[in-house]
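# Tertiary structure, described
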Amino acid sequence: GKNGCGKSTTLKMLTKIIYPDTGSIEMCGRVSSLLELGAGFHPDMSGRENIYTNASIFGLTKKEIDARLDDIIAFSERIDEIIEFSELGDFIDNPVRTYSSGMYMRLAFAVAINVDADILLIDEILAVGDANYQAKCFNKLREIKADGTTIVIVSHSLGQIEQICDRSIWIKDG
């Protein structure tokens, strides 16, 4: 739908950031979301510290986070053949206030997709980053979708919708 029709508001209701005026929403399982760039990141904490904070918000225990930290960082850094993502390598221990918007997005994406969510909510965040990184994101989304994760994505890009979704909803006038 067009700007202002309620797409992002719908995602915020699904994450319980806001609540509907009437009716109810029932979500079953662990929910992970990418709603606003860097939402939930503390600017003075390092990328590594924010990984722990954000992952705990998504419901992972410290033990689970420790077990996956290498995967999360690996998905966020490009420092060797195993690490194929965002070039955060030497920056992972810098305060996130020093990150570019692309670095924020890479870190947020890496955290959100590594919490074994049953439902992943995405609001336009994949518009950030170069074409190569976007392709990696879409490949990862296809992989987690194939593993059974429900993905709800809000996008103005019909191409993104066609690549990820089996079904779509067009919101018009609320």
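Residues numbered from 1 in each chain as written. Predicted model: local features only at pLDDT ≥ 70, side-chain atom pairs only at ≥ 80, totals over all residues. Heavy atoms only, no water.

## Here's the deal with the overall build of the protein chain
The helix and strand inventory of the protein chain stands at six helices and three strands. In sequence order, the secondary structure elements of the protein chain are arranged as α-β-α-α-α-β-α-β-α. Counting across all 174 residues of the protein chain, residues that qualify as buried make up 43%. Within the protein chain, contacts between residues separated by at least 24 positions form 63% of all contacts whose residues are at least 6 apart in sequence. (Helix = DSSP H or I, 4+ residues; strand = E, 2+ residues; numbered from the N terminus. Buried < 20%, exposed > 50% of the residue type's maximum accessible area, 1.4 Å probe, protein only. Contact = heavy atoms within 4.5 Å.)

## Focus: the environment of tyrosine 19
Here tyrosine 19 is to be found in the loop between α1 (7-14) and β1 (31-34). Looking at tyrosine 19, the relative accessible area reads 58%, which means it is exposed. Through-space distance from the C-alpha of tyrosine 19 to that of threonine 9 is 9.4 Å; in sequence the pair is ten residues apart.

## Some details on unusual backbone geometry
Not every positive phi belongs to a glycine, and lysine 16 is a case in point at roughly 65°. Residue placement: lysine 16 occurs in the loop between α1 and β1.

## A look at the sheet that holds strand β2 (residues 119-123)
Spatial strand order, β1-β2-β3: three strands in an open sheet with parallel pairing. The two strands at the open ends of the sheet, each matched to only one other strand, are β1 and β3 (150-154). On average, each strand axis in the sheet is inclined to that of its neighbour by 15°, with strand direction left out of account. Note that β1 and β2 share four bridges and pair parallel. Counterpart to serine 33 in the pairing with β2 is leucine 121. Sitting on the sheet, α1 is in contact with β2 and β3, with an inclination near 150° to β2. Sitting on the sheet, helix α4 (residues 101-112) touches β1 and β2, and the angle it makes with β1 is about 170°. (Pairing = 2+ DSSP bridges. Axes fitted to C-alpha atoms, helices over the stretch in contact; angles between N-to-C directions.)

## Here we look at the pairing of β2
Burial runs high along β2: five of the five residues are buried. Burial along β2 is two-sided: Ile119, Leu121 and Asp123 and Leu120 and Ile122, pointing in opposite directions, are all buried.

## Description of the pattern of salt bridges
Scanning the entire structure with this criterion turns up three salt bridges. Close ionic contact of aspartate 44 with arginine 97 constitutes a salt bridge, the shortest N to O distance being 2.8 Å. Of the two residues, aspartate 44 sits in the loop between β1 and α2 (47-57) while arginine 97 sits in the loop between α3 (62-76) and α4, which places them 53 residues apart along the sequence. Here arginine 97 falls in the exposed class, since its relative accessible area comes to 53%. Glutamate 143 serves as the salt-bridge partner of lysine 140, at 3.1 Å between the closest nitrogen and oxygen. (Salt bridge = Lys/Arg side-chain N within 4 Å of Asp/Glu carboxyl O.)

## Topic: the environment of threonine 149
Note on placement: threonine 149 falls in the loop between α5 (131-146) and β3. As for threonine 149 and arginine 30, which are separated by 119 residues in sequence, their C-alpha atoms are 9.9 Å apart. Non-local contacts of threonine 149, meaning those with residues more than four positions away in its chain, are made with Ala117, Asp118, Ile119, Leu120 and Ile144. From its side chain, threonine 149 meets the backbone oxygen of alanine 117 in a polar contact 3.2 Å long. (Polar contact = N/O pair within 3.5 Å; in protein donor to acceptor, adjacent residues only side chain to side chain.)

The values are spatial; any link to function lies outside them.
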